[in-house]
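Commentary on secondary and tertiary structure
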Amino acid sequence: MITEQTILELMQDPDYKPMTYQELEKHFGITDSAEFREFLKMLNKLEQEGRIMMTRSERYGLPERLDFLRGRLQVHAKGFAFLIPEDKEHPDVYIGAHDLSSGMNGDTVLVRITTRGPAGGKLEGEVVKIVNRAVNQVVGVFQGHEAYGFVLPDDKRIVRDIFIPKEAMKGAVDGDKVVVSIVSYPEGRTAAEGEVVEVLGHKDDPGVDILSIIRKHQLPEAFPEEVMAEAENAPDSITEEEILKQGRRDLRGKNIVTIDGEDAKDLDDAVNVERLENGHYRLGVHIADVGYYVREKSELDKEAYNRGCSVYLVDRVIPMLPHRLSNGICSLNPKVDRLTLSCEMEFDEHMKVVKHDVFTSVIKTKERMTYNNVRKILEEEDPELMERYKDLVDDFRLMKELALKLRSRRMNRGAVDFDFVESKVIVDENGKPVDIVKRERSIAEQIIEEFMLAANETVAEHFHWLKVPFIYRVHDNPDPEKMQNFLAFAENLGYHVKGRGNSVHPRALQTLLEEIKDTKEQTVISTMMLRSMKQAKYDADMSGHFGLAAEFYTHFTSPIRRYPDLVIHRVIREVLENNNILPEKRQEYLASRMPDIAQHSSERERVAVEAERDTDQLKKAEYMLDKVGEEFDGLISSVTGFGMFVELPNTVEGLIRLAGLTDDYYHFDEASMSLIGERTSKVFRIGDEVKIRVARVNMDDHTIDFEMVDMKPRRERSFGGGFGARGGERGGRGKKAGGGKAARPGKRERGAAAAGEAAGAGKRKRGAGAAGGSGPAAGESVEANRPKTFSFGSGKGGYSSTPTQGEQASDGRRKKTSGSGIFIGEGAGSGEGKRKGGGSEQGNGEAFWQFRKGKKKKGAGKNGTAAFVRKKKK
């Protein structure tokens, strides 16, 4: 019988030459008409999925054998894109705005390689087929006209506006935030067409801003009825009969406590420490047994899989599980019985685990402690708290002692530990930001961080050697090219790091971080190091965790808010119940499911991180609205070819554009990541202190512009710009040459944490740490989204994200629409390929027209949106 696999295996044969369907029919000896129809269906299906391709001569073959490449599009706000290949070893491919076809950000596409750099250098290509659409709904601002409307997408990576016919407006009016379903995708100069499916409210109404971000990322809100029905059936308490029947180890007599933030409600981890007679430490980490209540393939389980993790926005939490479970029977609330999975570890004087045990248990926590109170007990010896928790004070002191020793051992083995500042935006009942406070990383946060790291490593190694299907948390070694660039950068600042780009031990990086501590270069080097690393992800195979310098690592400690943790909890209990051996069929089934769960969980985590970052950036911009004109001291946090970002003490970040540096003409030096004055040789680089004034706040883009205080004007030249940083940055400096703005990329998530395990999606906002941390660390959840010179895309293609000449002159924004119906492009000379005379054949990925009543204006280019409207009017 012919199957899809049979067809693919034939085409994978080295001797295979592309055949027509008639030749394939003859090859397989198909004679039956029914079999022939099924065969054609399989061919069509494989072609639609992009697994095979049909050439112009109607012959079938594998895309890679026909010089096509399959992957995911990563579109830039300026219109160009990169293909991130599914083949992880293949370098990225640059896709010019002209060559995107109808591809949009996130689409899975097939690309034809059109240009290859010398000696296997940078690749360029064109989209030849859209395999799978990633965008089917768009959130944006509605612009209404009498006979039609447009939606300007919030997501700047969607570079074309969406045309809305009159009959599809659904009552939306000018200025409304709307959700649009795409009816037809853009083709050539024709804009995408959509229909309004939800009007969120006017863009300035309270709450609409956060709701827009929720819709933009398609985050779920209310739980379906069938899910809530299952949640309602969960018990409120545990019976003794239930405990005995399951044979759980009874730990209710131990001094077990939870330590969490003040406002945490989903308490999923508890700890206790004992000093043994032999001088060793016994650490117990007890995690809520969520899998006992959320059964495999139940409605609760399906919904948890779809959500992937809890999402923590500025003013709300979108939980993975209903509150009935997450704040009720699954939460380790104080002084009540709770079912748990426990990992007990015995550490010797060298902090090596000499004995461990993983088992089902029942606990009753003594107290619900907060980070603040534990810190006051250990660091301030607060008399009131010391008296209130007198029975636990010695336990907390022992916890501190063990945690510091565990951290010391982890640092000695080479774990990379950044020390970035994290902040929290405080909002009032209307969602208006009223303050921004820094998050402290006290000893209390460090205790939980170290204990969770230890448990995660121990559980990962235990089940790895049992060879059962599992989900691990992995962090691959840095990309050699990006790391080599970083090493050269550090060397340029006078710091030598042992190793080469393809073989740097994390210990060498941690040594560098210790060497630069409290120096002027600390910020710049730490930031660039973080950017040179990969992101951590979930995987069915354990390949190690570079940032933690750990051979084995998993996420075991947060099953209330992370789906991978919930999945491995089920595996753990099932293995324990079957004497460490799974039935063969069960083993095969789980092995087939784990890669999909790992990939899906990684994708959902990225969505959550983006949504959290978006709301953080939004509220910080809103907070600075009434600060325009005020002066602040700040530190330069990033330097690019179009200006420099400055971070204030409250972690708000703004851009000083190159045009605003008026005392000299500045060139961008990529090697040292600095701006250097042409005449004065004045240097601006990351980490420098500057005094700034808040110039403007753009609530459409959630960006903030700063300007230097007391910046003297430079002597004007008698000619227009056209030369400068990176060969074309100052294309708009003399008289009125092309613009100088550039859209600011999303802000990097920040904070302090153990390397590699801190700012993961859905994590509770603890000060730092593995299982509950909140702050970036080596490769974990964050690859800085601020302008960076090392890569745009996955980093394998060797492309710099520093704007090229044409890109730097563009301000990165979409076209504007006047009230009278004139569609105006980016402005003369913007985008790729400048042209004299005020017109542009190509600007920001789209050429433009000025359009009024179907007439083409002199000196203007072509605009796909206008062309679409003209076509409609005809």
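Residues numbered from 1 in each chain as written. Predicted model: local features only at pLDDT ≥ 70, side-chain atom pairs only at ≥ 80, totals over all residues. Heavy atoms only, no water.

1. Comments concerning helix H17 (residues 563-577)
Since the α-helix packs 3.6 residues into each turn, any two residues three or four apart lie on the same face. Taking 1.5 Å of rise per residue, the 15 residues of H17 would be expected to cover 21 Å, and the 22 Å separating its terminal C-alpha atoms lies within 8% of that figure. Counting buried residues along H17, 13 of its 15 residues qualify, which places the element largely inside the surrounding structure. Asparagine 579 occupies a position one or two residues after H17 and carries a positive phi of about 55°. (Helix = DSSP H or I, 4+ residues; strand = E, 2+ residues; numbered from the N terminus. Expected span 1.5 Å × (residues − 1). Buried < 20%, exposed > 50% of the residue type's maximum accessible area, 1.4 Å probe, protein only.)

2. Let's talk about the side chain of serine 342
Tracing the sequence through the fold places serine 342 in strand E19 (residues 337-347). A residue is classified by how much of its surface remains accessible, and serine 342, at 0% relative accessible area, is buried. In this structure the side chain of serine 342 is engaged in a polar contact, spanning 2.6 Å, whose partner is the side chain of serine 361. (Polar contact = N/O pair within 3.5 Å; in protein donor to acceptor, adjacent residues only side chain to side chain.)

3. Some points on the packing of aromatic side chains
The final tally for this structure, using the stated rule, is 14 aromatic pairs. A connected cluster of aromatic rings, assembled from ring pairs, spans Phe80, Phe82 and Tyr94. Stacked on the ring of phenylalanine 359, the Lys or Arg arginine 249 has its end atom at 3.6 Å from the ring centre. Over the aromatic face of tyrosine 305 sits the side chain of arginine 593, whose NZ or CZ is 5.8 Å from the ring centroid. (Phe/Tyr/Trp six-rings, centres within 6.5 Å; stacked < 30°, edge-to-face > 60°. Lys NZ or Arg CZ within 6 Å of the ring centre and 35° of its normal.)

4. Thoughts on the nonpolar core
Judged by nonpolar contacts, the single largest core of 92 residues is most densely connected at Phe396 and Phe451. Looking at this core, the element that brings in the most residues is helix H13 (residues 443-465), giving eleven residues. With sequence-adjacent residues up to four places away left out, phenylalanine 396 is seen in contact with Val257, Ile259, Met369, Val374, Ile377, Leu378 and Ile447. The next biggest cluster of nonpolar side chains, apart from the first, holds 53 residues, and it includes Val314, Met528, Val652 and Phe684. (Core = buried A, V, L, I, M, F, W, Y, C linked by side-chain atoms within 4.5 Å. Contact = heavy atoms within 4.5 Å.)

5. What about the pairing of strand E14 (residues 257-260)?
Residues of E14 alternate between two faces, with Val257 and Ile259 on one and Thr258 and Asp260 on the opposite face, all of them buried. Where E14 and strand E21 (residues 367-370) come together, four bridges link them in parallel fashion. Residue pairing across strands places aspartate 260 opposite threonine 370, the latter belonging to E21. (Pairing = 2+ DSSP bridges.)

6. Regarding the sheet that holds strand E32 (residues 683-685)
The strand order across the open sheet built from three strands is E30-E31-E32, with neighbouring strands paired in antiparallel fashion. Both edges of this open sheet fall to strand E30 (666-669) and E32, since each of them pairs with a single strand only. Each adjacent strand pair in this sheet contributes to an overall mean axis angle of 20°, direction not counted. Two elements, E30 and strand E31 (residues 674-677), share four bridges in a ladder whose sense is antiparallel. Its bridge partner being in E31, aspartate 669 is matched across the sheet by serine 674. (Axes fitted to C-alpha atoms, helices over the stretch in contact; angles between N-to-C directions.)

7. Points about the confidence of the model for the protein chain
Per-residue confidence for the protein chain gives a mean pLDDT of 80, with 81% of residues at or over 70. Here strand E38 (residues 851-852) is the element of the protein chain with the lowest mean pLDDT, 32, and strand E16 (residues 281-288) is the one with the highest, 97. Within the model, the stretch residues 718-792 combines pLDDT values under 50 with 343 contacts to residues more than four positions away or in other chains. Confidence drops under a pLDDT of 50 for residues 800-874, and excluding neighbours within four residues, the segment shows 181 contacts in the predicted structure. (pLDDT = per-residue confidence, 0-100.)

8. Some remarks on the pairing of strand E27 (residues 631-640)
Here E27 runs beside strand E33 (residues 689-698); their pairing, made up of five bridges, is antiparallel. By the bridge assignment for E33, glutamate 631 is matched with arginine 693. Sheet topology note: the E27/strand E28 (residues 643-647) ladder contains five bridges and is antiparallel. Residue threonine 640 lies in a different strand from E28, and its bridge partner there is glycine 643.

9. Looking at the packing of helix H10 (residues 371-380) against H13
Across the interface, H10 lies against H13 with an axial gap of 7 Å and an inter-helix angle of 110°. As the angle between them shows, H10 and H13 are arranged roughly perpendicular. Here Tyr371, Val374, Arg375, Leu378 and Glu379 of H10 lie close against H13, whose contacting residues are Ile443, Ala444, Glu445, Ile447 and Ile448. Among the residues making up the contact of H10 with H13, the classes are represented as seven nonpolar, no polar and three charged. (Parallel < 35°, antiparallel > 145°, perpendicular 65-115°, else oblique. Nonpolar A, V, L, I, M, F, W, Y, C, P; charged D, E, K, R; others polar.)

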